[in-house]
Structures are given as C-alpha cells and as structure tokens.
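Here's the letter readout for the chains.
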Amino acid sequence: MGKTVSIFNQKGGVGKTTTCINFSAALGLKGKKTLLVDADPQGNSTSGVGIDKAEIENSTYDILINDVLAKEAVIETKFKNLSILPADMNLAGAELELAENENRFSVLKKALSPLIMEYDYIIIDCPPSLGLLSLNALTASDTVIVPLQCEYYALEGLSQLLGTIRTVKQHYNEHLEIEGVVFTMYDSRLKLNQQVISEVEKFFPAKAYKTMIPRSVKLAEAPSFGEPVMYYEKYSKPSFAYKKLADEFLKKNK
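Summarised in this report is the structure supplied together with it. A quick note: this is a predicted structure, and the numbers were derived from the prediction, not measured.

How each quantity is defined
- Residues numbered from 1 in each chain as written.
- Predicted model: local features only at pLDDT ≥ 70, side-chain atom pairs only at ≥ 80, totals over all residues.
- Heavy atoms only, no water.
- Buried < 20%, exposed > 50% of the residue type's maximum accessible area, 1.4 Å probe, protein only.
- Helix = DSSP H or I, 4+ residues; strand = E, 2+ residues; numbered from the N terminus.
- Pairing = 2+ DSSP bridges.
- Axes fitted to C-alpha atoms, helices over the stretch in contact; angles between N-to-C directions.
- Parallel < 35°, antiparallel > 145°, perpendicular 65-115°, else oblique.
- Left-handed = near helix turned anticlockwise from the far one by under 90°.
- Contact = heavy atoms within 4.5 Å.
- Nonpolar A, V, L, I, M, F, W, Y, C, P; charged D, E, K, R; others polar.
- 1 Å grid on protein atoms, 1.4 Å probe; cavity = no way out; pocket = protein on both sides within 12 Å on 5 of 7 lines; lining within 4 Å.
- Points joined across faces, edges and corners; volume = space filled by probe spheres on them.
- Disulfide = S-S within 2.5 Å.

Some words on the pairing of strand β5 (residues 121-125)
Thinking step 1. Burial analysis of β5 places five of its five residues in the buried class, the great majority of the element.
Thinking step 2. Of the pairings in the sheet, the one linking strand β1 (residues 3-7) to β5 comprises five bridges and is parallel in character. If you follow Ile7 over to β5, its bridge partner there is Asp125.
Thinking step 3. Alignment of strand β2 (residues 34-38) against β5, held across five bridges, turns out to be parallel.

Considerations on the packing of helix α1 (residues 16-29) against helix α13 (residues 237-252)
Thinking step 1. Relative to each other, α1 and α13 sit at 70 degrees, their axes nearing to 8 Å. When the interaxial angle is binned, α1 and α13 end up roughly perpendicular. For α1 against α13, the interelement crossing comes out right-handed. The segment α1 lies against α13, with Thr18, Thr19, Asn22, Phe23, Ala26, Leu27 and Leu29 engaging Tyr242, Lys243, Leu245, Ala246, Phe249 and Leu250.
Thinking step 2. Of the residues contributing to the contact of α1 with α13, the split by class is nine nonpolar, three polar and one charged.

Considering empty space enclosed by the protein
Thinking step 1. Within the structure shown, the criterion is met by one cavity of 30 Å³ or more.
Thinking step 2. Within this model, the largest cavity holds a volume of roughly 40 Å³.
Thinking step 3. Lining the largest cavity are Thr18, Ile21, Asn22, Gly48, Leu219, Ala222, Pro223, Glu227, Pro228 and Val229.
Thinking step 4. Class assignment of the residues belonging to the lining of the largest cavity gives a composition of six nonpolar, three polar and one charged.

A closer look at the state of the cysteines
Thinking step 1. Evaluation of the coordinates by the stated rule reveals zero disulfides.
Thinking step 2. The cysteine Cys20 is free of any disulfide, with Cys126 supplying the nearest cysteine sulfur at 7.2 Å.
Thinking step 3. Since its relative accessible area comes to 0%, Cys20 is described here as buried.
Thinking step 4. Residue class for Cys126 comes out buried when judged on its relative accessible area of 0%.

Bear in mind that shape data such as this cannot, by itself, settle questions of function.
This is how it looks when you write it as structure tokens:
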C-alpha cells in the first residue's frame, strides 16, 4: 500500500511547489512509482512537469466535483516513474462547490483511495492557504512535509501551522503526522539561516531534514522548461540536494 504525503505550508513563497515537483521526480529516479497530485488552482506543479494545461481533459477539479475517476485524470509524464493528476484554473471554483457537499473534507481521500495500491508514494501539492482544498489534502494524507524558507518571516507562521495540523488531526484525520521539515532557499553564508534552523528545531524536534535546498538560478529556471531540476541540470546543487532529500525520506520510510 502506498503512502500519501502532503507538501503544505499556508505561507506562500516558501518553495512548496518547487519541492513537490523535484521531490516527486527524485523519488521516481530512486525507482519509486510516484503520483504527484496538483491540488493548487495555480497548477504550477502541472506545468512544472511539462503538461500543457490547455490540453487537460480531466483534472483534480473533475475528480472532486464531477465524480470522474482519479485514474481517468492521471497523466504519465516523460520522467521516470512519475505521473501527475493535473490541475487547471477550474479548481479555483472547487471550494465553493465543495462547501455544499456533506462530506466536504474527505472528497479527495475517497477519490484517491483506488490509487493507493498502484503507487509507492502519492505526493500532494497543497494551495498556500487553509481552505477546503488544503483540508481535503491533509485529510487524505498519512503525513505532511513542511517546506520552510530560511528567513525570519518563516518563524512567524509556525505556531499557526502547528495549530492547523492539530485541528485536522483532531477533527478530520487522527492519523496525520508531520513527516519532516525541509529548509528551502538555504544560503550557508548567512548567519540568519542558522538562527532560523535552530529556532525551527525547537518547534519540530527530530523532524528537520538534514538536507537543505540551496538557492539556485537553475532551480528557478527549470519550471519554465517544464522539467524537474535533475532533468534540466543534472549536476546542479539543487539536483543533488533533492535526490539526497529523497534518500533521507526513503531511509526513514523503509
């Protein structure tokens, strides 16, 4: 049975989608059959793996609202062991429509359940907000990976993020746990980065990944070519970092 992991932080601009794309691709390279679920209306994970949103027949919206089977929406990417359940702008209206559903918090969980046996890992890209889409993702997940930018403002939202996860665990998904915290946009030259890491480790003891994701022009360029960074620039620092992060994750999950 596969494991479902949400990549979630209700603060935007922390490298959440970048981590979803590259972490999923790294798991695929490690031989793990991986499904990336784009639950963000911006659809950046979809375009980030080379899928033209204008050509999508069925999307995350359709499995949530139109009762389309998830397997009918899944697209195999050109990258090893990586498929995607794509998103487009239609998903922006899903929260209003879900609000009328009696089982509004568990629609995604029900939709993904037939796929759990088909994949080693299902990775969900959540929106950078706490709405029904994020709550559906967290309800459907076994664990959460929290990407955190190595800057002061990242600390301000930590207590709120922990409160969110506690609320979901209490009301919607009692099995939800924090998988780990991954530091993004890391620059070893900045003293502030080390201070932020020390503070975060107080909030998440033993949960912080040792692998740091560095700031990188290549990492910023890769999405415009519709490729994860390890395919766009195989020997770049972020390519090695995301593969190392996948190793660290897999070691904990063996």
